[in-house]
Amino acid sequence: MLFFSIANFCILFISCHVFGVVCGSAAENKNGESDAELKSNKMKMTRENFFKAAFLETRLHQKEAIKSVLKFENYEKQYKICNKALEKIFQVVTAGKVIVENSDYIPGANLPSNETVAAALEQIVDNTAMFGDFQLKLPDITDRIMKNHPEWLVLMKWAIGFSNSTGIFDKKTTEMIDLLCQEMNLIERKDNFINPYRKYEEKVPQQSNTYETKPKKKNFKKGPRMSKPRYTEL
């Protein structure tokens, strides 16, 4: 069927260009550079700049992937693609979390020299940003899926805090993450916050006061009052 072929293409596109799966020959990249030339060019850059450059390139692919999903006007088609994508995102973040927490890397310090830890860090940051795209651009579908996986919310809170601490996010992504936190009610929403992609009205939980307010005194209208009856002693 046409639907499955297009849907599978989008899922494959997301898997190859978003989650760090390398496609093609390892000996030569898309620009025709050999491994030796590529390694030489990388050495000219600081490790931090290389991470940031790689992240920005990944973001370009992620944005194209989201545009592809948004082209589907059918809700169920979008849901199936989004569900598979989120499953992959949290699978990768979970695996990466185990690696970085068992390493000596401290978020905010120098980026890890260990390639396994560095790869895990990169995938956590990449997939955190990708989740932000799904939550902001497909909020109704993402909310529906997230409600079935409460453990994902806990994991994403950790991933957002971890990724923010690495210093890899560029200015635009940092602003997007701030909007993501408002969308998820992780921080207080600004007065002008609105998500134009949300189709259904969201009920935002209101904070309840921790103390009980005293009941207001009733104001009685002034006028003639009944006097207390006088009793005589027997």
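Everything below is about the structure shown above.
Description of the structure in this document.

Calculation criteria
- Each chain carries its own residue numbering, running from 1 in the direction its sequence is written.
- Since the coordinates come from a predicted model, pLDDT governs what is reported: local features require at least 70, and pairs of side-chain atoms require 80 or more to be given and counted, while whole-chain, interface and lining totals use all residues.
- Derived side-chain values reflect all non-hydrogen atoms in the structure, with water molecules and hydrogen atoms excluded from consideration.
- Strands are runs of DSSP state E lasting at least two residues, helices are runs of H or I lasting at least four, and both sets are numbered from the N terminus onward.
- Under the scheme applied here, a residue whose accessible area is under 20% of the maximum for its type counts as buried, over 50% as exposed, and between as partly exposed, the area being computed with a 1.4 Å probe on protein chains only.
- We call two residues in contact when some of their heavy atoms are within 4.5 Å.
- With residues, only the protein chains shown are counted as cover, and all accessible areas are computed by Shrake-Rupley using a 1.4 Å probe.
- Note on terminology: a nonpolar core comprises buried Ala, Val, Leu, Ile, Met, Phe, Trp, Tyr and Cys residues joined through side-chain atoms within 4.5 Å.
- Side-chain rings of Phe, Tyr and Trp, where Trp is taken by its six-membered ring, are said to pair if the distance between their centres is within 6.5 Å; with planes under 30 degrees apart they count as stacked, over 60 as edge-to-face, and otherwise as tilted.
- A ring has a charge above it when a Lys NZ or an Arg CZ is no more than 6 Å from the ring centre and no more than 35 degrees off the ring normal.
- The patches described consist of residues with a relative accessible area above 30% and no salt bridge, like charges being joined within 9 Å and nonpolar side chains (Val, Leu, Ile, Met, Phe, Trp, Tyr) within 5 Å.
- Throughout this description, the term salt bridge denotes a Lys or Arg side-chain nitrogen within 4 Å of a carboxyl oxygen of Asp or Glu.
- Orientation is described by axes fitted as lines to C-alpha atoms, over the contacting stretch for helices, and by angles from 0 to 180 degrees between their N-to-C directions.
- Each angle is binned into one of four classes, with values under 35 degrees roughly parallel, values over 145 roughly antiparallel, values of 65 to 115 roughly perpendicular, and all other values oblique.
- All residues other than Ala, Val, Leu, Ile, Met, Phe, Trp, Tyr, Cys, Pro, Asp, Glu, Lys and Arg, Gly among them, are scored as polar; the first ten of these are nonpolar and the last four charged.
- Two helices cross in a left-handed way if the nearer one is turned anticlockwise from the farther one by less than a right angle. They cross in a right-handed way if the turn is clockwise.

## Considering the overall build of the protein chain
- Helix and strand content of the protein chain: 8 helices and 0 strands.
- What you see in the protein chain, going N to C, is helices and strands ordered as α-α-α-α-α-α-α-α.
- A buried classification covers 34% of the 234 residues belonging to the protein chain.
- Considering only contacts within the protein chain whose residues lie at least 6 apart along the sequence, 75% involve residues at least 24 apart.
- Summed over its atoms, the accessible surface of the protein chain is roughly 16700 Å², and 54% of this surface lies on carbon and sulfur atoms.

## So, the nonpolar core
- Residues L86, I89, F90, L121, F131 and F134 are the most contacted members of the largest nonpolar core, which totals 45 residues.
- At the level of secondary structure, the elements contributing two or more residues to this core comprise α3 (47-70), α4 (75-101), α5 (115-137), α6 (139-147), α7 (150-166) and α8 (171-183).
- The element best represented in this core is α5, accounting for 11 residues.
- When neighbours within four sequence positions are excluded, L121 is seen to be in contact with F51, V100, Y105, L111, P112, F162, T166 and I168.

## Thoughts on the packing of aromatic side chains
- Under the defined criterion, the tally for this structure stands at 5 aromatic pairs.
- Ring centres of F90 and W152 lie 4.5 Å apart, and the angle between their planes is 10°; on these two criteria the pair is classed as stacked. On the criterion of sequence distance, the pair formed by F90 in helix α4 and W152 in helix α7 is long-range, its members being 62 residues apart. We note that F90, like W152, is buried.
- On the numbers, 6.1 Å between centres and 70° between planes, the contact of Y105 with F162 is edge-to-face. One end of the pair, Y105, is in the loop between α4 and α5; the other, F162, is in helix α7, with 57 residues separating them in the sequence. Of the two residues examined, Y105 and F162, each falls in the buried class.
- Ring pairs connect the aromatic residues F90, F131 and W152, which therefore count as one cluster.
- Above the face of the W158 ring, K97 is positioned so that its terminal group lies 5.2 Å from the ring centre.
- A cation over an aromatic ring shows up here: R144 above the ring of Y79, its NZ or CZ 4.1 Å from the ring centre.

## Some points on a nonpolar patch on the surface
- Together, L153, L186 and I187 make up a nonpolar patch on the protein surface, roughly 200 Å² of accessible area in all.
- Within the secondary structure layout, I187 lies in the segment after α8.
- The exposure class of I187 is partly exposed, given its relative accessible area of 36%.

## Let's talk about the packing of α5 against α6
- Two numbers describe how α5 lies on α6: the axes approach to 5 Å, and their chain directions differ by 110°. Regarding the angle of α5 to α6, the classification is roughly perpendicular. Residue-level contacts link F131, F134, Q135, L136 and K137 of α5 to P139, T142, D143 and M146 of α6.
- Along the lines of polarity and charge, the residues of the contact of α5 with α6 split into 5 nonpolar, 2 polar and 2 charged.

## With respect to the packing of α5 against α7
- One way to put it is that α5 packs onto α7 with a least axis distance of 9 Å and a crossing angle of 115°. As for the relative orientation of α5 and α7, their crossing is left-handed in sense. Of the residues in α7, those in contact with L121, I124, V125, T128 and F131 of α5 are M156, W158, A159, I160, F162, S163 and T166.
- A breakdown of the residues in the contact of α5 with α7 according to their chemical character gives 9 nonpolar, 3 polar and no charged.

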